[in-house]
Amino acid sequence: MFDPVQLRTFLAVAQTLSFTQAAHRLGLRQSTVSQHVRKLEEAAGRRLFARDTHAVDLTEDGEAMLGFARTILEANERAAGFFTGTRLRGRLRFGASEDFVLTRMPEVLEEFRRDHPEVELELTVELSGTLHELLAAGRLDLVLAKRRPGATRGRPEAATGRLVWRDRLVWVGTDRLRLDARQPVPLVVFPPPAVTRARALEALERQGRDWRIACTSGSLNGLIAATRAGLGVMAHSLGMIPPGLVRMPSRAGLPDLGGVDFVLLYGERDSAARGPADALAEAILAGGDRLQLP
């Protein structure tokens with residue numbers, strides 16, 4: 001028997017690859033997170049994480065536990081809902097960034113609709129920057145989007161959201177693309193106010209490297225098509241590199257793009273959508289590993 005509390009903690013660590021960030025997400029002490037993981041490893045009889053003072057990584061057994069943990073927690077939630085007789089109702093306006101077009105997000109949403117058939121779910125797919133604006137304007141109840149690490153400094157706690165996972169931005173292109181250091185870097189980018197566009201331009205400006213826009217599209221599929229055609233390079237999250245593209249090698253001489261957070265942000269928390277928003281947020285957190293590409 002595996003304790004659901006320990007499984008939830010395990011998922012938080014697996015998705016953030018950080019005991020500290022998992023503690024922040026769950027509202028627990030870091031020592032409590034470590035204790036939960038240790039007890040789960042004892043119950044499984046296997047090591048689930050390989051960790052040292054610098055990094056946390058899943059072991060092969062930890063990778064296997066991911067699927068089991070998600071299945072157990074989802075079954076637990078369905079059983080609790082059935083026997084308590086609580087049924088969520090209302091309208092939920094959910095925004096997801098373009099980054100999730102190629103992931104298994106549809107599965108998460110399908111399961112949510114199956115478990116909560118009386119919730120009227122409205123989905124908006126947009127650039128992360130646009131979703132932040134829509135949320136601030138009160139036009140969305142819950143958003144899953146990119147954000148710069150440390151972007152919440154000096155902001156109210158309500159604005160900090162919940163970290164789903166932390167990733168790095170990298171340059172991607174085709175394995176056939178060769179960049180000429182004497183020529184401007186050809187860029188494939190989202191239009192403003194895209195986070196990846198801003199980070200790419202800022203990094204190149206700091207490096208003093210010339211650049212040019214080779215393609216602009218509000219569609220991730222459009223950017224992927226242009227990049228696969230060899231029109232240029234684009235900034236993309238390391239954990240979600242699309243099929244057919246590769247991380248550009250260091251010999252390309254492109255600047256470091258830094259980290260990026262994928263976060264869940266709420267709208268007005270005392271609104272009628274709070275219950276459905278909390279339920280969908282929990283479903284996304286439980287299934288966060290399905291939102292990254294292998």
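Structure: above.
Residues numbered from 1 in each chain as written. Predicted model: local features only at pLDDT ≥ 70, side-chain atom pairs only at ≥ 80, totals over all residues. Heavy atoms only, no water.

### Section: the overall build of the chain
Helices and strands together make up the secondary structure of the chain, namely 9 helices and 11 strands. Taken against the 2.2 N^0.38 rule, which gives 19 Å for 294 residues, the C-alpha radius of gyration of the chain at 20 Å falls within 12% of a compact globule. Considering only C-alpha atoms, the chain reaches an extent of 65 × 45 × 35 Å along its principal axes. When each of the 294 residues of the chain is scored for burial, the buried share is 47%. (Helix = DSSP H or I, 4+ residues; strand = E, 2+ residues; numbered from the N terminus. Rg over C-alpha atoms; globule rule 2.2 N^0.38 Å. Buried < 20%, exposed > 50% of the residue type's maximum accessible area, 1.4 Å probe, protein only.)

### Some remarks on helix H9 (residues 274-286)
With 13 residues, H9 should cover 18 Å at 1.5 Å per step; its first-to-last C-alpha distance of 18 Å lies within 8% of that length. Along H9, the residues that are buried comprise Pro276, Ala277, Ala279, Leu280, Ala281, Ile284, Leu285 and Ala286. (Expected span 1.5 Å × (residues − 1).)

### Here's the deal with the environment of arginine 78
Tracing the sequence through the fold places arginine 78 in helix H4 (residues 60-84). With 38 residues separating them along the chain, arginine 78 and histidine 116 place their C-alpha atoms 9.7 Å apart. With residues up to four places along the chain from it excluded, the contact list for arginine 78 reads Arg114 and Asp115. (Contact = heavy atoms within 4.5 Å.)

### Structural notes on the pairing of strand E4 (residues 119-126)
By the bridge criterion, 8 bridges tie strand E3 (residues 90-97) to E4 in an arrangement that is parallel. Directly across from serine 97, in E4, lies its bridge partner glutamate 126. Read as a crossover between parallel neighbours, the route from E3 over helix H5 (residues 105-115) to E4 is right-handed. (Pairing = 2+ DSSP bridges. Right-handed = clockwise from strand over helix to strand, strands pointing away.)

### Re helix H6 (residues 128-136)
Taken as a whole, H6 has its buried residues at Ser128, Gly129, Thr130, Leu131, Leu134 and Leu135. Each element contacted by the buried residues of H6 is listed here: E3, E4, strand E5 (142-147), helix H7 (195-207) and strand E11 (259-266).

### Regarding the packing of aromatic side chains
What the rule picks out here adds up to 5 aromatic pairs. Judged by centre distance (6.1 Å) and plane angle (90°), the rings of phenylalanine 100 and tryptophan 165 are edge-to-face. With phenylalanine 100 in the loop between E3 and H5 and tryptophan 165 in strand E6 (residues 162-173), this pair connects stretches of sequence that are 65 residues apart. Here the aromatic rings of phenylalanine 100 and phenylalanine 262 are separated by 5.8 Å at their centres, their planes lie at 70°, and the arrangement is edge-to-face. Taken together, the residues phenylalanine 100 in the loop between E3 and H5 and phenylalanine 262 in strand E11 connect sequence positions 162 residues apart. (Phe/Tyr/Trp six-rings, centres within 6.5 Å; stacked < 30°, edge-to-face > 60°.)

### Here we look at the nonpolar core
The biggest cluster of nonpolar side chains holds 42 residues, and the ones touching the most others in it are Phe94, Phe100, Leu142, Leu144 and Trp171. Those elements that place two or more of their residues in this core are E3, H5, E5, E6, strand E7 (185-189), H7, E11 and H9. The biggest single contributor to this core is H9, with 6 residues. If we skip the residues at most four places from it in the chain, phenylalanine 94 touches Met105, Leu109, Leu121, Glu122, Leu123, Thr124, Leu140, Leu142, Val143, Leu144, Leu280 and Ile284. (Core = buried A, V, L, I, M, F, W, Y, C linked by side-chain atoms within 4.5 Å.)

### Remarks on the pairing of E6
Taking burial as the measure, the 12 residues of E6 include 10 buried ones, the bulk of the element. The sheet contact formed by E6 and E11 spans 6 bridges and is antiparallel. Bridging from a neighbouring strand, leucine 163 pairs with valine 263 of E11. The sheet contact formed by E6 and strand E9 (residues 234-237) spans 4 bridges and is antiparallel. The residue bridging valine 170 from the neighbouring strand is histidine 236, located in E9.

### Points about the environment of alanine 226
Looking at where alanine 226 falls in the secondary structure, it is placed in helix H8 (residues 220-228). As for alanine 226 and valine 263, which are separated by 37 residues in sequence, their C-alpha atoms are 28 Å apart. Once residues within four sequence positions are removed from consideration, alanine 226 is found in contact with Val188, Cys215 and Leu231.

### Regarding the packing of H5 against H9
Packing of H5 against H9 leaves a shortest axis separation of 10 Å and a crossing angle of 135°. Taken together, the axes of H5 and H9 are oblique relative to one another. Here the hand of the crossing between H5 and H9 comes out right-handed. In this structure, H5 uses Val108, Leu109 and Phe112 to contact H9, whose residues at the interface are Pro276, Ala279, Leu280, Ala283 and Ile284. Its residues placed into classes, the contact of H5 with H9 shows 8 nonpolar, no polar and no charged. (Axes fitted to C-alpha atoms, helices over the stretch in contact; angles between N-to-C directions. Parallel < 35°, antiparallel > 145°, perpendicular 65-115°, else oblique. Left-handed = near helix turned anticlockwise from the far one by under 90°. Nonpolar A, V, L, I, M, F, W, Y, C, P; charged D, E, K, R; others polar.)

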